[in-house]
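What follows is each chain in one-letter form.
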Amino acid sequence: MRIPLFTALLLTASNVFMTFAWYAHLKELNQRPWYVAALVSWGIALFEYLIQVPANRLGYTVLSLPQLKIMQEVIALAVFAPFCLLYMHQPLKLDYLWAALCLLGAVYFIFRS
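Here is what the cut-offs are and how they apply
- Residues numbered from 1 in each chain as written.
- Predicted model: local features only at pLDDT ≥ 70, side-chain atom pairs only at ≥ 80, totals over all residues.
- Heavy atoms only, no water.
- Helix = DSSP H or I, 4+ residues; strand = E, 2+ residues; numbered from the N terminus.
- Polar contact = N/O pair within 3.5 Å; in protein donor to acceptor, adjacent residues only side chain to side chain.
- Contact = heavy atoms within 4.5 Å.
- Expected span 1.5 Å × (residues − 1).
- Buried < 20%, exposed > 50% of the residue type's maximum accessible area, 1.4 Å probe, protein only.
- Core = buried A, V, L, I, M, F, W, Y, C linked by side-chain atoms within 4.5 Å.
- Patch = residues over 30% accessible without salt bridge, like charges linked within 9 Å, V, L, I, M, F, W, Y side chains within 5 Å.
- Areas by Shrake-Rupley, 256 points an atom, 1.4 Å probe, with all protein chains shown as cover.
- Salt bridge = Lys/Arg side-chain N within 4 Å of Asp/Glu carboxyl O.
- Phe/Tyr/Trp six-rings, centres within 6.5 Å; stacked < 30°, edge-to-face > 60°.
- Lys NZ or Arg CZ within 6 Å of the ring centre and 35° of its normal.

For the rest of this paragraph, the subject is the side chain of Ser-41. Here Ser-41 lies in helix 2 (residues 34-59). Within polar-contact distance, the side chain of Ser-41 engages the backbone oxygen of Ala-21 at 2.7 Å. Leaving out residues up to four positions away in the same chain, Ser-41 has contacts with Ala-21 and His-25.

What follows concerns helix 2. Helix length check: helix 2 (26 residues) gives 35 Å between terminal C-alpha atoms against 38 Å at 1.5 Å per residue, within 8%. Listed in full, the buried residues belonging to helix 2 are Val-36, Ala-37, Ala-38, Ser-41, Ala-45, Glu-48, Gln-52, Ala-55 and Gly-59. Elements that come into contact with the buried residues of helix 2 comprise helix 1 (2-28) and helix 3 (65-87).

The phi angle at His-89 is positive, at roughly 55 degrees, despite the residue not being glycine. Looking at the element boundaries, His-89 is found in the loop between helix 3 and helix 4 (94-111).

Below, the discussion takes up the nonpolar core. Within the largest apolar cluster, eight residues are counted, these being Ala-8, Leu-11, Ala-55, Leu-63, Leu-68, Met-71, Ile-75 and Val-79. Looking at this core, the elements with two or more residues in it are helix 1 and helix 3. Looking at this core, the element that brings in the most residues is helix 3, giving four residues. For Met-71, the residues in contact, after removing those within four places along its chain, are Pro-4, Thr-7, Ala-8, Leu-11, Leu-63 and Phe-111.

Where nonpolar side chains cluster on the molecular surface, the patch consists of Leu-94, Leu-97, Trp-98, Leu-101 and Leu-104 and spans about 510 Å² of accessible area. Along the chain, Leu-104 turns up in helix 4. Look at Leu-104 and you get exposed, because its relative accessible area is 51%.

What follows covers the side chain of Asn-15. As for its position among the elements, Asn-15 is in helix 1. A distance of 2.8 Å separates the side chain of Asn-15 from the backbone oxygen of Leu-11, its partner in a polar contact. A distance of 3.2 Å separates polar atoms of two side chains, one belonging to Asn-15 and the other to Gln-72. Apart from residues lying up to four places away in sequence, Asn-15 is in contact with Gln-72, Ile-75, Ala-76 and Val-79.

So, on to the packing of aromatic side chains. Summed over the entire model, instances satisfying the criterion amount to nine aromatic pairs. Both rings, one in Phe-80 and one in Phe-83, keep their centres 6.4 Å apart while their planes meet at 35 degrees; by these two values the pair is tilted. With Phe-80 and Phe-83 both in helix 3 and three residues apart, this pair spans about one turn of that helix. Measuring from centroid to centroid gives 5.1 Å for Tyr-108 and Phe-109, while their planes differ by 70 degrees, and the two rings are edge-to-face. When sorted by exposure, Tyr-108 lands in the same class as Phe-109, which is exposed. Taken together, the ring pairs in this structure connect Phe-20, Trp-22, Tyr-23, Phe-80, Phe-83 and Tyr-87 into an aromatic cluster. The cationic tip of Lys-27 hangs over the ring face of Tyr-87; the distance from NZ or CZ to the ring centre is 4.5 Å.

Here's what the structure looks like:
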């Protein structure tokens, strides 16, 4: 159980960087040329990859590739929701809850066997 938990923690950290790399420029660099935003995003994404690659390599020692993918997607949305609310000041809608429940179903089916 230690490896899946450590993998999840690393993937969570990596997803924080990924979310900022993908979306923070929409708020912070909105008035700058797109290539400035791209370069800043690539710089942030480097840190994401420095965490994500070891996380996936470690996780793959005990988890299947589909299990890793579903874990990453659930973590990505768990990171994205607070980012959306707290950083980007976007409202969450009830439909997001239903989508999250669908993802929990995916987790159940991918990990049940």
